Amino acid sequence: MGRKIFRAVCQVSAAIFLASLVLIMGISYGYLTRIVRTQLKAETFLASQGVAQSGIAFLHGMDPEHERITWIAANGDVLYDSNAEKGLMENHTEREEVRAAFDSGYGESVRYSRTFADRQLYAAKRLPDGSVLRMSIVQRSVWTLLLDFAQPICAVMLLALVLSFVLALRLAKRIVAPINSIDPDDPLQYCDRDDYRELEPLLRRLACQKAQLRRDRAEIEKAALIRQEFTANVSHELKTPLHAISGYAELIENGMVREEDLKPFAGRIRQESARLSRLAGDVIELTKLDSESVRRTDETCDLHRIAENVLESMESSADARQVTLRLEGGSATVRGCPQLLHSVVFNLCDNALRYNRPRGTVTIRTEQDDRAARLSVRDTGIGIPKESQDRVYERFYRVDRSRSKDAGGTGLGLSIVKHAVLLHHGRIELNSIPGEGTIFTVTFPRQPQTEERER
Ligand code: ADP
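Once a new chain begins, its residue numbering starts again from 1 and follows that chain's sequence as written. The predicted nature of this model means local features are confined to residues of pLDDT at least 70 and side-chain atom pairs, given and counted, to a pLDDT of 80 or more, with totals for whole chains, interfaces and linings taken over all residues. In computing side-chain values, all of the structure's heavy atoms are included and hydrogens and water are not.

1. What to know about the site of the ligand
Thought 1: Close contacts around the ligand come from 21 residues, with N351, Y355, S404, T410 and L414 the closest.
Thought 2: Side-chain atoms alone can form a polar contact between residues adjacent in sequence; in general such a contact is a pair of N or O atoms within 3.5 Å, and within protein one must be able to donate a hydrogen while the other accepts it. At 3.3 Å from an oxygen atom of the ligand is found a main-chain nitrogen or oxygen belonging to G413.
Thought 3: Here the ligand has 520 Å² of accessible area as a free molecule, and 98% of this is covered by the chains.
Thought 4: Contributions of two or more residues to the shell around the ligand are made by α10 (338-354), α12 (413-423) and β12 (437-445).
Thought 5: Side-chain classes follow a simple rule in which Ala, Val, Leu, Ile, Met, Phe, Trp, Tyr, Cys and Pro form the nonpolar group, Asp, Glu, Lys and Arg form the charged group, and the remainder, Gly included, forms the polar group. Within the shell around the ligand, the residues separate by chemical class into 10 nonpolar, 8 polar and 3 charged. Summary of the distance rule: residues count as near a molecule or strand when at least one heavy atom falls within 4 Å of that molecule or strand. All accessible-area figures derive from a Shrake-Rupley calculation using a 1.4 Å probe, and residue coverage is judged against the displayed protein chains alone. Here a strand is any run of E in DSSP of at least two residues, a helix any run of H or I of at least four, and the numbering for each starts at the N terminus.

Take a look at the structure:
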């Protein structure tokens, strides 16, 4: 940045210097031209008076150093020319200034030399006898003038270059120094200082970004901690059924199980394996929900139809537990992922069945209005104590560990439900009275026009 500022200052100085040079040269040249012309005119008038009085003798008495003097008779004959060899051969009557003098008494003109190195200024004056006296002088062009001034110009240019170099160096340092000394950990401390006034927006942005970074880091750390805890919990949850399975298998292998106990042992092994596979399934589902990269389908799904399928799949286990399953209400459509919505309905119904009492009921109700689609799952089970109601959605949280495990629970069902509901911009509520039963209500927002169109 310092180098950029330095280069910019040097470029600006050079541009200003060149512009001033052109301007000064232009103005000086114009001024000089005006002076030379006035002088030439005055000298021509003086000389013509002298010639009118004393004739050619006056001209012979003159010793012009720079001017050329020509005297042309009224008939065009050249009576005198200070540059005799050249002058006598030329036809002067055709010259612009001479013609003007013959016609109106006085004429001027300017002609460039072939090389444009210099130019000739002419002034001609008619005498009382009708002849014309012409004087001319060579004026140097701007370029020759520039050459004349080359030395002082170079000296000034050098001085300007040195000055702009020093200035640019100091300026660059002064601009960059406060930026370099900013403490990125506390950029706002400079806001009140004079030399940081222009940098205030930058300082505020830095502070904003710093705060954002801090928040992001805290979130990443929190997510890492949650993942770590989750992994530790999963390993712990896996160990228990694995130990049980290997323990039962070892006993059978060593012949330590009586013939009549073999069947219940096999039953325990099957139960523990079922829990293992359920746990694996739930962990996979949660991991999928956690990874944002997973592509989710967006279809119109009917919660009523999903509930029908779920209840059908649960019929045999409901019979075994002597629990009655009921489905009420009508169609309730939601835009979303069918697998996730199935998971929501299944987990809620499964819990309602597992934490129920014999001869209890599970009632599912689906309904919709213009703004929302609703699903409620009510059971007549053990209920959830008030102090646990907020925590049941936490991963691996169980109100009663042994009861959950006996019921084949993993402690992950409601976390999956909550996660999936939030992904569909819905909300979940729970009302429960211990000993009487629980009702979970899930509400999804609807966009009626779009859904009607799609149907
Ligand atoms: P689990 O696999 O243990 O059922 P969940 O995440 O589905 O795990 O539920 C967490 C805990 O919430 C359960 O262990 C249970 O204690 C309680 N719970 C969930 N649903 C019900 C319900 N319908 N009735 C009573 N308790 C419930």
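2. Comments concerning unusual backbone geometry
Thought 1: Positive phi, close to 55°, is recorded for Q322, a residue that is not glycine.
Thought 2: With respect to the element layout, Q322 can be found in the loop between α9 (303-320) and β7 (324-329).
Thought 3: Overall, the relative accessible area of 45% leaves Q322 in the partly exposed class.
Thought 4: The residue F396 is not glycine, and still its phi comes out positive at about 65°. Each residue gets one of three labels from its accessible area relative to the maximum for its type: buried under 20%, exposed over 50%, partly exposed in between, using a 1.4 Å probe on protein chains only.

3. Here's the deal with the pairing of strand β2 (residues 78-81)
Thought 1: A pair of strands is treated as paired once DSSP finds two or more bridges between them. Here strand β1 (residues 68-72) runs beside β2; their pairing, made up of 3 bridges, is antiparallel. Residue pairing across strands places I72 opposite V78, the latter belonging to β2.
Thought 2: As consecutive antiparallel partners, β1 and β2 are separated by 5 residues, and within that stretch G76 has a phi angle of approximately 100°, a positive value.

4. Considering the pattern of salt bridges
Thought 1: For this document, the term salt bridge refers to a Lys or Arg side-chain nitrogen within 4 Å of an Asp or Glu carboxyl oxygen. Evaluation of the coordinates by the stated rule reveals 20 salt bridges.
Thought 2: Its salt-bridge partner being D81, residue R68 comes within 3.2 Å of it at the nearest N-O pair. One end of the pair, R68, is in strand β1; the other, D81, is in strand β2, with 13 residues separating them in the sequence.
Thought 3: Of the residues examined, R68 reaches a relative accessible area of 10% and is grouped as buried.
Thought 4: Taking the shortest distance from any N to any O, the salt bridge between K210 and D185 comes out at 2.9 Å. Here the residue K210 occupies a position in helix α7 (residues 200-253), and D185 occupies one in the loop between α6 (150-180) and α7, the gap between them amounting to 25 residues.
Thought 5: For K210, a relative accessible area of 24% translates into the label partly exposed.
Thought 6: Several salt bridges converge on common partners, so that one network encompasses E328, R365, E367, D369 and R374.

5. Notes on the state of the cysteines
Thought 1: Disulfides are defined as cysteine sulfur pairs within 2.5 Å. Under the definition given, this model contains 0 disulfides.
Thought 2: As a non-bridged cysteine, C208 has C191 as the owner of its nearest cysteine sulfur, 11 Å distant.
Thought 3: The closest cysteine sulfur to the non-disulfide-bonded C337 is located on C301, 7.3 Å from its own sulfur.
Thought 4: A relative accessible area of 7% means that C337 is categorised as buried.

6. Overview of the packing of α9 against α10
Thought 1: Geometry is summarised by axes, namely lines fitted to C-alpha atoms with helices restricted to the contacting stretch, and by angles between N-to-C directions that run from 0 to 180 degrees. The geometry of α9 relative to α10 is characterised by a closest axis approach of 9 Å and an angle of 40° between their N-to-C directions. With respect to their mutual orientation, α9 and α10 come out oblique. Classified by chirality, the crossing of α10 by α9 is right-handed. Contacts between α9 and α10 involve L303, I306, A307, V310, L311, S313, M314, S317 and A318 from the former and L341, H342, V345, F346, C349, D350 and L353 from the latter.
Thought 2: Of the residues that constitute the contact of α9 with α10, the class distribution is 12 nonpolar, 3 polar and 1 charged. These descriptions rest on fixed angle ranges, namely under 35 degrees for roughly parallel, over 145 for roughly antiparallel, 65 to 115 for roughly perpendicular, and the rest for oblique. Handedness of a helix crossing follows the sense of rotation of the near helix relative to the far helix, less than a right angle counterclockwise being left-handed and clockwise being right-handed. Contact criterion: two residues are considered in contact whenever any of their non-hydrogen atoms come within 4.5 Å of each other.

7. Examining the environment of I306
Thought 1: Along the polypeptide, I306 turns up in helix α9.
Thought 2: Considering only alpha carbons, one finds I306 and L412, 106 residues apart in sequence, at a separation of 21 Å.
Thought 3: Sequence-distant contacts of I306, defined by excluding residues within four places in its chain, comprise C301, L341, H342 and V345.

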